[in-house]
Every structure is written in C-alpha cells, then in structure tokens.
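Geometric and topological summary
In case you want the letters, here they are:
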Amino acid sequence: MKKRLLVLALVILSIFSIACTRNQTARRQNQNRTAQKQAIGGVESSVFQLGDIDKIKITSDVSNIRTGVSPDSPVLQTTNKNNTHDVLSKVGDWYAVKLPDNKIGFVPSGDCKAIVSDDKKPAMPPSAAGTTPQAPNAPKTPSANNTYAATSEEQQMLKLINEARAQNNVQPLKLDTEVSNCARVKAQDMIDNNYFSHNSPKYGSPFDMMKSFGINYVAAGENIAGNQNVANAHNSLMNSPGHRRNILNPDFTHIGLGIKKGGPYGNMFCQMFISKPQ
C-alpha cells in the first residue's frame, strides 16, 4: 500500500513539474516575442494596384487567344509576336482583349507585356474638402528640402530591399528619382498632417498621387512604415506578408523611397513601387 502511495505521489509530482516547465517555457516565449516587437517597434501598411493598361503586346512567338481564363478553354484564334491588342480588363493572370469581330478573348499574361499610353492625362487628387479637384502644392522638381540625391538612409534601404530580392532570385529594383520625390512628399505629408494611411487627406490614394506627379505605371504598390531606423523598418516589412509581397514582386522594376524624420515612431518611411510602361 505504501509503495502504491509513493508511486502515485511521484506521478503527481512529475505531472506538476512538467506543467510548470511548460508554463515557464510559454512565458519565456511570450517575453521573447514581446521583446522582439519592442525592439522592432513601429507600424506598417501596404497596398497594390494595376495601372491603366490600354493594350498588350505579344512577346511569345505564338499565343492562343482563348474563350476563357483557362489553358483548357477553346481557342478563338492565334496571335503572333509583336501584335498588339486592346485591353478591356485583367482577370487574374489573363488579359481580356477586344478582337476585330467584337468578340472578347483572353490572353495569358505570360505571353505578353502591358502597355500604358503616354498620352493619358494624370488624374488630379481631390482637394481636402473633397469638392473641386486641384493640383497638389507639392514640388515636382527638386528643392532645397527635397532633392533627387538619395540620402544614406534611402541608399541603405534600397540595399536591403535588393539583397532580399537577390536571395529570392528576383531582379533588383532601380531607384527612380521622380517616384522618390513623390515618396518623400508622402512621408513628410504623413508627419505634417499627423496621419498614417495610404490615403492622404491632401493627395488622395498613392495611385492618384503618383498620377498627379506625372508618373505612369503598369502596376504600382506602396509600403508605409513608422519606425526608429531603417533596419527595424525593413525587418518589420519583410515579416509582413503584404509588404513582403510588394518588396519581392518580380513585376516591379523601379522604386521610390522617402524617409523623413518625425512622427510618433521617430521616422516615417514610404516605399513606392512601379512597373514602368514598355
């Protein structure tokens, strides 16, 4: 009887010890996660949009124009390399195109490249009151406070971004001066007007803002972050699926970077990504 009681006591003690160990491990993991968040700090947000695509140009030797958005859909007709087609819309990885007989066909995006007309007039963002559209007051040319030369922090961020792309077998992004000018204005605007959002009360969405700065694109995206330094901001963005997707998007060719000191997080970061029209 005594042996049974002793064995039972040992079992209970063992279970209690395991439970305590698990609780301590869980507490340490929570503390580590909290410490990591505190070390990184800040906030971040991302957004993506396709541009106003007018036409596509066939890049493969021969492409099948199908009745639907599937490789198994019947073929309406074939089209050859360098042919262009008017685009009606984009459905997933397919472009809906208008054919000469007024039929609608679908071309896979892998067989073509998008074309944005240069004659599209930039859309002016709505005014702060939301009534009469007006041109932004931000400079479109370099000024003493907003020059085109990349700062050391912007160069550091570009280096980190392109290192991440290289690790994922993606071509590096080129720093675009006009897009950088736009990104700097956006970062400063968030500080001056005390907000953190893709939609500016002054310039509208980032896509409206880019167009108002005369920037044409096939596709565009924006990451914004508030953080203490470049390394922490980059780590936070790379640890978030939406931001990481923008950073590693193989369709993007150019980037604009704006980093301004100020705001509740120490620095405001704006990354504007674009795919330039061919």
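Counting starts from 1 at the beginning of each chain's written sequence and moves along it residue by residue. Predicted model: local features are reported for residues with pLDDT of at least 70 only, side-chain atom pairs are reported and counted for 80 or more only, and whole-chain, interface and lining totals are derived from all residues. Derived side-chain values reflect all non-hydrogen atoms in the structure, with water molecules and hydrogen atoms excluded from consideration.

Going by the annotation in an unreviewed UniProt entry, the name recorded for the chain is Cysteine-rich secretory protein family protein, with Clostridium homopropionicum DSM 5847 given as the source organism.

**A closer look at the confidence of the model for the chain**
Counted only if it meets this: As a per-residue measure, pLDDT reflects the predictor's confidence and takes values from 0 up to 100. Residue contacts are defined here by distance: any two heavy atoms, one from each residue, within 4.5 Å place the two residues in contact.
The pLDDT averaged across the chain works out to 76; a share of 69% of its residues lies at or above 70. Ignoring residues within four places in sequence, the model shows residues 15–41, a span with pLDDT below 50, making eight contacts including any to other chains. Within the model, pLDDT remains below 50 along residues 119–147, and this stretch shows 50 contacts once partners closer than five positions in the same chain are excluded.

**A look at the side chain of Arg184**
What counts here: A run of DSSP states H or I qualifies as a helix once it reaches four residues; a run of E qualifies as a strand once it reaches two. Both are numbered from the N-terminal end. Distance and chemistry together define a polar contact, namely a pair of N or O atoms within 3.5 Å, with one atom able to donate a hydrogen and the other to accept it when in protein, and with adjacent residues in sequence counting only for side-chain atoms on both sides.
Structurally, Arg184 is set in helix α3 (residues 177–192). Polar side-chain contacts of Arg184 include one of 2.7 Å to the backbone oxygen of Ala149. A polar atom in the side chain of Arg184 sits 2.6 Å from the side chain of Glu154.

**Re the pairing of strand β2 (residues 55–58)**
Cut-off, in case you're wondering: Residue burial is assigned from relative accessible area. The probe radius is 1.4 Å, only protein chains are included, and a residue is buried under 20% of its type maximum, exposed over 50%, and partly exposed in between. A pair of strands is treated as paired once DSSP finds two or more bridges between them.
Judged by which residues are buried, β2 turns out to be one-sided: Ile56 and Ile58 face inward and are buried, whereas Lys55 and Lys57, on the alternate face, are not. Here β2 runs beside strand β5 (residues 84–91); their pairing, made up of three bridges, is antiparallel. Note on β5: the bridge partner recorded for Lys57 is Thr84. As defined by bridge partners, β2 adjoins strand β8 (residues 112–115) across four bridges and the pair is classed as antiparallel.

**As for the packing of aromatic side chains**
This is how it is decided: A pair of Phe, Tyr and Trp rings is counted when the ring centres sit within 6.5 Å of each other, with Trp represented by its six-membered ring. The angle between the planes then sorts it: under 30 degrees is stacked, over 60 is edge-to-face, the rest tilted.
Counted under the stated rule, the structure contains three aromatic pairs. For the ring pair Tyr203 and Phe213, a centre distance of 6.4 Å and an interplane angle of 65 degrees mean the geometry is edge-to-face. Here Tyr203 is found in the loop between α3 and α4 (206–212), whereas its partner Phe213 is found in the loop between α4 and β10 (219–227), with 10 residues between them in sequence. On the basis of relative accessibility, which here comes to 3%, the residue Tyr203 falls in the buried class. Seen from their ring centres, Phe252 and Phe273 are 5.5 Å apart, and the 20 degrees between their planes marks the pair as stacked. Of this pair, Phe252 sits in the loop between α6 (241–248) and β11 (254–261) while Phe273 sits in strand β12 (residues 267–275), and the two are 21 residues apart along the sequence. In this pair, the class of Phe252 matches that of Phe273, namely buried.

**Overview of the environment of Lys260**
Of note, Lys260 is situated in strand β11. Note on Lys260: relative accessible area 16%, which makes it buried. Considered as a pair, Lys260 and Asp189 are 71 residues apart in the sequence and their alpha carbons are 9.7 Å apart.

**Looking at the environment of Lys261**
With respect to the helices and strands, the residue Lys261 is situated in strand β11. For the pair Lys261 and Asn229, spaced 32 residues apart in the sequence, the C-alpha separation amounts to 9.7 Å. Those residues in contact with Lys261, other than ones at most four positions away along the chain, are Glu153, Ile191, Gly266 and Asn267.

**With respect to the pairing of strand β6 (residues 94–98)**
Of all the five residues making up β6, four are buried; the element is thus mostly covered by neighbouring parts of the structure. Sheet analysis places β5 next to β6, joined by five bridges and oriented antiparallel. If you follow Lys90 over to β6, its bridge partner there is Tyr95. As defined by bridge partners, β6 adjoins strand β7 (residues 104–108) across five bridges and the pair is classed as antiparallel. The residue of β7 that forms the bridge with Trp94 is Pro108. Counting the residues in the hairpin turn of β6 and β7 gives five residues, including Asn102, whose phi is positive at 70 degrees.

**Topic: the packing of helix α2 (residues 152–167) against helix α5 (residues 230–238)**
Counted only if it meets this: The axes used here are C-alpha line fits, helices contributing only the stretch in contact, and every angle between their N-to-C directions lies in the interval 0 to 180 degrees. Crossing handedness: left-handed means the near helix sits turned counterclockwise from the far one by under a right angle, and right-handed means the same turn made clockwise. Side-chain classes follow a simple rule in which Ala, Val, Leu, Ile, Met, Phe, Trp, Tyr, Cys and Pro form the nonpolar group, Asp, Glu, Lys and Arg form the charged group, and the remainder, Gly included, forms the polar group.
Across the interface, α2 lies against α5 with an axial gap of 10 Å and an inter-helix angle of 35 degrees. Handedness of the crossing formed by α2 with α5: right-handed. Residues Glu153, Gln156, Met157, Leu160, Ile161 and Ala164 of α2 pack against Val230, Ala231, Ala233, His234 and Met238 of α5. Of the residues contributing to the contact of α2 with α5, the split by class is eight nonpolar, two polar and one charged.

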